[in-house]
Amino acid sequence: MKSSASDFRRTSIPGRLKRLFAATMSLMDTSHTPPDVERLRALTGIKWRHFEDDVIPAWVADMDFPTAPAIIDALGSMVATSDFGYNGAAFDDSIPKAWADWSFTRFGWRPETERTKVLSTTLQPIAIALSLATSPGDGVLLFTPVYPPFFSIVKKLGRRVVEYPLNETGWRIEADRLRSAIDAGTRALVLANPHNPSGRSFDAAELKSVADVAEEYDLLVISDEIWQDFVYADGAGHIPFASLGADAANRSVIVTSASKSFSLGGLGCAVAYLGDAKVAEGIAALPPQLLGGVNALGAQATLAAWARGDQWLSGVVATLRANRDHLVSRLASELPEVAVQTPEATYLAWLDFRATSIAHDPAGRLLRDGRVGLSPGPDFGAAGTGFARLNFATYREVLDEVIDRIVRTVQAERL
Ligand SMILES: Cc1ncc(COP(=O)(O)O)c(C=O)c1O
């Protein structure tokens, strides 16, 4: 018997979950705390506003938990004292220093503050670096499927997307395949390290092969490390690309921020390590007004995150790891036809629906029939056809409802 959208509606948020969950929340252990769905629906953020009210959103990469207490304190006191004037952090090197300490403590790599630029988003320096270091018509290699704006930046700048299809090599980067993907006009590559949407945390050998091939072909390497803090592997953690050696550092631009780790996407503060001299000189030559400034709230939230957010983040990462394991195990037992490679990093699961009867448009069918909002695979490139991306950074009860709806939708099509 097929379930209809109205069946799901009857058992959905705001009905069932809203009644089930109280508003109390522990900020340190988010794993088994009750979700405050009222709070989530009232937020101005797009995650819970984009779809109709009976849809559970599991799409855009924002977490549902309130951010770290240190950040709430910092922003709360700014609001209480109307501290919105031109902010000191926009004129000194406190943010580069805070990033250098964070990165050194966690990953053993200290980005030099003199080579660090503070900007508003992580994507901004990607677009700037490509426009400064490549020319119209040049090839820019992407490891696909990949975060959709990478495609649009390359195309809007009039550069060409050159693809390394990761799913053809078991989601691993292989030096020979990389060499054969590069064409005569390829001048740069953009790496999501860790990788969105596959959840790969590239290992030292893979990153070294990228560094070697980049040196061989004299490519600029832009490494987007916004997911740096969400690596679940035991032992080996995140490896910043620029930590691989002097040549890697000098041909790269590393971009990151506190925004993914602490849910600060709307606050507009990011950092870029400008290892490549052409990019560094090009940016230095621009009128600073063209780049825009960092806003006071984003600056202070970032400083609080990197100075005092580590304990909170450890709790969140443990929660996400448990969510990941729960998701993978439920899918394996209840929906084995949906393949998923356990993400080594990120809070995203790249679900392969190609063996199901909703393969032609999984995200569309899950939205229409299941009332659950995943990111459509084709947004991540042609290699994403038959896939959908699920964000599992939410409360366990919400995640279970998301999984229930996926299971019901796919099972209904089995009959
Ligand atoms: C790989 C990657 N880069 C960049 C971003 C967005 O960063 P920002 O808003 O700082 O540009 C995201 C967001 O999900 C992402 O996954």
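Cut-offs applied
- Each chain carries its own residue numbering, running from 1 in the written order of its sequence.
- In keeping with the predicted nature of the model, local features appear solely for residues at pLDDT of at least 70, side-chain atom pairs appear and are counted solely at 80 or more, and the whole-chain, interface and lining totals rest on all residues.
- To get the side-chain values, all heavy atoms of the structure are used, and hydrogens and water are removed first.
- We count a stretch as a helix when DSSP gives it H or I for four or more residues in a row; a strand needs E for two or more, and each element gets its number in order from the N terminus.
- Only protein chains enter the accessibility calculation, which uses a 1.4 Å probe; a residue whose area is less than 20% of its type maximum is buried, one above 50% is exposed, and one in between is partly exposed.
- Counted charges follow a simple rule, with Lys and Arg positive, Asp and Glu negative, and His plus the chain ends left uncounted.
- The salt bridge criterion pairs a side-chain nitrogen of Lys or Arg with a carboxyl oxygen of Asp or Glu, the two atoms within 4 Å.
- Here a residue-residue contact requires only that any non-hydrogen atoms of the pair lie within 4.5 Å.
- An automatic or database domain assignment is the source of the domain bounds shown.
- Joining two parts hides part of their accessible area as seen by a 1.4 Å probe, and the buried area is that hidden amount summed over both.
- Here a polar contact is taken to be a pair of N or O atoms separated by no more than 3.5 Å, where protein atoms must pair a possible hydrogen donor with a possible acceptor and residues adjacent in sequence count only if both atoms sit in side chains.
- Residue classes follow a fixed rule: Ala, Val, Leu, Ile, Met, Phe, Trp, Tyr, Cys and Pro count as nonpolar, while Asp, Glu, Lys and Arg count as charged, and any other residue, Gly among them, counts as polar.

1. Comments concerning the side chain of K260
Next, step 1: Topologically, K260 is positioned in the loop between strand 7 (252–256) and strand 8 (270–274).
Next, step 2: Here K260 occupies a buried position and makes no salt bridge, while the nearest side chain of opposite charge, D62, is found at 5.3 Å.
Next, step 3: The residues touching K260, leaving out its near neighbours within four places in the chain, are A61, M63, I226, W227, F230 and Y347.

2. What to know about the domain arrangement of the protein chain
Next, step 1: As assigned here, the protein chain comprises domain 1 (5–68 + 311–414) and domain 2 (84–307).
Next, step 2: The gap between the C-alpha centroids of domain 1 and domain 2 is 27 Å.
Next, step 3: Contacts between the two partners involve 26 residues from domain 1, matched on the other side by 30 residues from domain 2.
Next, step 4: Buried area between domain 1 and domain 2, summed over both chains or domains, comes out near 2,500 Å², and the portion from carbon and sulfur atoms is 60%.
Next, step 5: Scanning the region where domain 1 abuts domain 2 turns up 1 salt bridge.
Next, step 6: Across the salt bridge formed by R200 and E344, the nearest N and O atoms sit 2.8 Å from each other.
Next, step 7: The interface formed by domain 1 and domain 2 contains 12 residue pairs in polar contact (both at pLDDT 80 or more).
Next, step 8: If you tally residues by element for the side of domain 1 that touches domain 2, the top one is helix 14 (residues 310–334), at 6 residues.
Next, step 9: Partitioning the side of domain 1 that touches domain 2 into residue classes produces 16 nonpolar, 5 polar and 5 charged.

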